[in-house]
Amino acid sequence: MRWTIHKFGGSSLADADCIAHVAGLLADRPQDDGQAVVVSAMAGVTNRLLGLAQLAAGAGEDWHAGFEELRTLHRETAERLIDDPAIRAATLDTLEERFTTLEQLLASLALMGSAPTEALELISGHGELLSAALLSARLQSAGEQVEFVDAREVLRTKPAALLVTVDWTTSREQLERLMRERPSRRYVITGFICRTVEGRISTLGRNGSDYSGSIFGRLLGADEIHIWTNVDGLLSADPGAVPQAELLDHLTYREAFELASFGARVIHPQALSPAQECNIPVFIRNTFNPDCPGTRIDSQGHPTPPVKGISGVGDMALINIEGAGMIGVPGTAERIFSALHRAEISVSMISQGSSEHSICVVVPGPSGDPARTILEEVFERELRHGQIHRISLVSNIRILAIVGEGMTGTPGIAARLFVSLARAGINVRAIAQGASERNISVAVDEADAERALKTIHAGFYLSDQTLSVGLIGPGQVGSTLARQILGAAERLKREANLDIRLRAVASSTRMRFSDPGLSPDDSADPLGPSPEALDLDRFADFVDDDHLPHAVIIDCTASDRVAERYLDWLERGIHVITPNKHAGSGDLNRYRALKGRLENGSARWRYEATVGAGLPVIQTLRDLIDTGDRVLRIEGIFSGTLAYLFNRYEPGMSFADLVRQAREAGYTEPDPRDDLSGSDVARKLVILAREMGLEIGLDQVEVESLAPAELDGTEVEQFLTGLAEHDAGMAARLEQARAGGQVLRYVASLDADGRAEVSLQSLPADHPFANLALTDNVVAFRTERYRDNPLIVQGPGAGPEVTAGGVFADLLRVAVSLGARL
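Below: a short report on this structure. (Residues numbered from 1 in each chain as written. Predicted model: local features only at pLDDT ≥ 70, side-chain atom pairs only at ≥ 80, totals over all residues. Heavy atoms only, no water.)

With that out of the way, let us pick up the sheet that holds strand β21 (residues 510-513). One open sheet holds the seven strands; their spatial order is β22-β21-β20-β19-β23-β24-β25, and the pairing between them is mixed. Both outer strands of the open sheet, β22 (532-533) and β25 (605-606), are each paired with one neighbouring strand and no more. Direction of pairing for strand β24 (residues 575-577) relative to β25: parallel, over a ladder of two bridges. Bridge pairing in β25 links Val576 to Trp605. Strands in contact with helix α16 (residues 476-496) are β19 (466-472), β20 (499-506) and β23 (550-555); relative to β20, the strand with the most contacts, it is inclined by about 155°. Across the sheet, helix α29 (residues 800-817) is in contact with β19, β20, β23, β24 and β25; its angle to β24 comes to roughly 155°. (Pairing = 2+ DSSP bridges. Helix = DSSP H or I, 4+ residues; strand = E, 2+ residues; numbered from the N terminus. Contact = heavy atoms within 4.5 Å. Axes fitted to C-alpha atoms, helices over the stretch in contact; angles between N-to-C directions.)

Side-chain alternation along strand β17 (residues 430-433) places Ala430 and Ala432 on a buried face and Ile431 and Gln433 on a face that remains uncovered. Both β17 and strand β18 (residues 439-445) contribute to a ladder of four bridges, which runs antiparallel. Looking across to β18, one finds that Ile431 is bridged to Val442. (Buried < 20%, exposed > 50% of the residue type's maximum accessible area, 1.4 Å probe, protein only.)

Attention now goes to the nonpolar core. Within the largest apolar cluster, 73 residues are counted, with the highest numbers of intra-cluster contacts made by Ile634, Leu645, Phe646 and Leu676. Among the elements that take part in this core, helix α26 (residues 679-691) stands out by supplying seven residues, more than any other. Other than its neighbours up to four places away in sequence, Phe646 contacts Phe655, Leu706, Met730, Leu744, Arg745, Tyr746 and Leu760. One finds Tyr211, Ile225, Leu400 and Leu417 within the second-largest nonpolar core, a separate group that totals 66 residues. (Core = buried A, V, L, I, M, F, W, Y, C linked by side-chain atoms within 4.5 Å.)

Here we take up the pairing of strand β15 (residues 358-364). Most of β15 sits out of view: five of its seven residues are buried. Here strand β13 (residues 309-322) runs beside β15; their pairing, made up of seven bridges, is antiparallel. Bridging from a neighbouring strand, Ile321 pairs with Ile359 of β15.

Bringing the pattern of salt bridges into the picture now. When charged atoms on two side chains of opposite charge get close, those side chains can pair. Taken as a whole and assessed by the stated rule, the structure comprises 58 salt bridges. Salt-bridge contacts for Asp210 lead to Lys7; the nearest nitrogen and oxygen are separated by 2.9 Å. Of this pair, Asp210 sits in helix α8 (residues 208-220) while Lys7 sits in strand β1 (residues 3-8), placing them 203 residues apart in sequence. Each of the two residues, Asp210 as well as Lys7, counts as buried. Connected via shared salt-bridge partners are Glu68, Arg71, Arg75 and Glu96. (Salt bridge = Lys/Arg side-chain N within 4 Å of Asp/Glu carboxyl O.)

Pasting the structure below:
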């Protein structure tokens, strides 16, 4: 018969519903020729049994109440679980016999006032006897063939230097005898418990049920071993610390062993040994998601990715022995390890420099002080004579390990590990790597451990072009940008390996954090239903997450207060992208500081959308200058609002009514004076001037405002009413222009000497600026190369879609500069 091993942990057997689910899962596997089902105790029962034993032996507290709770739990589970009355009655009798024996054992401990090891092993093994009886009864009640097996009838073990070992010959003989006497295609077997070769009751140690499953796999020559848990398989990291941890679909035995040894709690490392010796594939599966194939562990594995997982062990202590007296002296390491061995102190990690000046060991945290004291005694003479300078202890250490067969012979693995840690500002206390190159371990401070785990995982599992993005200003442009980013994110990740994560959104008063990031479903309301109070420091800290390679803040406000933050963000290495014109056209000293930071740092400040929305105005100017051309003059229409007004303005119309209509249609700012004053156009002109190297300010731009000065300070409605009183003057200018075959356009101009002007001008009807679509912007670059026929950039220069598109394009330019291939 071909056997399949199924091992179920306590989480799979938590209550009657879970046990019933397991029974159904086993019955629904026609592909299994024979089943050997190894079970742990119900969830938490082993700990409760050991607690009762300690209470009874201590005689300080009454253990009877806890005992009755445990008996009631199992009786009620049986009553709910087993439908057949006769089988239910027989099972309740079996449970009662077990609890009677258990009660007698606990009473004996109370009389003795102590808890010998053998008694503790006998008591702790009752949980598996009880759960195996319940599962067997459920299967029998459903009409399934099953034999209950107490593993103590079969398994014989003997002590070894490191762990309990199996007497394979005797155990196989015992199993073959049992199967001859009680043949079946399904056995339900107790995990964890066994007997010594002398016949004394024993256990395989904590987490020994996994080991039991693998042992029976070897004894039966099983085709497969399935270890059923409450997770989908082994993950690339602890999902509690790294939400982005990924399911590992295929590992070698050695990879799984390394991960399990360094804290992957899904499987015990010892459990793999019998399977590896017989080359039996092991599957880590989810009891409650049986359709998931889980993780396969075998001798082949898969070569990619080279680093399969990142694991860790906490509560460790690092001891460092250093001194010139160790250089070239044979036996120093032997004295260290012999002393620790005699004290039964386990060493988890060793690191020594080639100079032999120092050697450090990492031991369990509680052993730190005793280990240092022992080593100070061993090296007392060397310490006294100064041959060893000091033996120091650092507590609260965590060992983190990256594991993978594909690391062997692959250049750059260690570099990526240490670059990731350096980027997060994490100090590495010690490093260790074996010659197999299958594992690189580092010791870090516990305070840095979770951050280190995240940043290492990101370094190996995330795209190098993963951007953590924060958006400030979810107004018309900002919310449109959020929709564009979220809509394109999946395609960019699939086609260009560019992972853009919109992780934070802030308005002027509220903010929202999301990890790993917002989804397309959040597009309609990026702030979400329950944002928290705005704190720009916390906002920047969240966006600048150490475990993500790059951070970007996009400012879609018109706030100078936000612009004041740019320098700090750039100094932190956060890229800044914005259509906000304040930083580019405001205080000149601030502008110089920002430009200086760009020259001396790695972060980028992109602001293409400040002039012309989505049009490549600034990029065109940069290209001209960078390629050696000399700009002589720039002219343009930089206001989509004013372009709209003067494209629509005809003789006989009221200019004030036209402004009111444009406001109602959304073509102006809520207060039209923001457009009519010309200050926005002046800011754009200053930005272009500074790109040309002209250090001018707003006060140096001659601006003709179309908003009458006497209406300053009035309410918007009062302004619109008052503006009508100036219709005659505007009508006269239009009539004069038309009489000369010209049109009115609001034009900005900038000369190479820094003369800047914004004014309403009359232009010939055949002028490039005369024939524009309603809201078009247009810019004419007259340069040495384009002296006679200027270079024209024209297109929509206003509106949420095109402005957001310009900002998004800047974000993609930053991504390209970081290595993305678009």
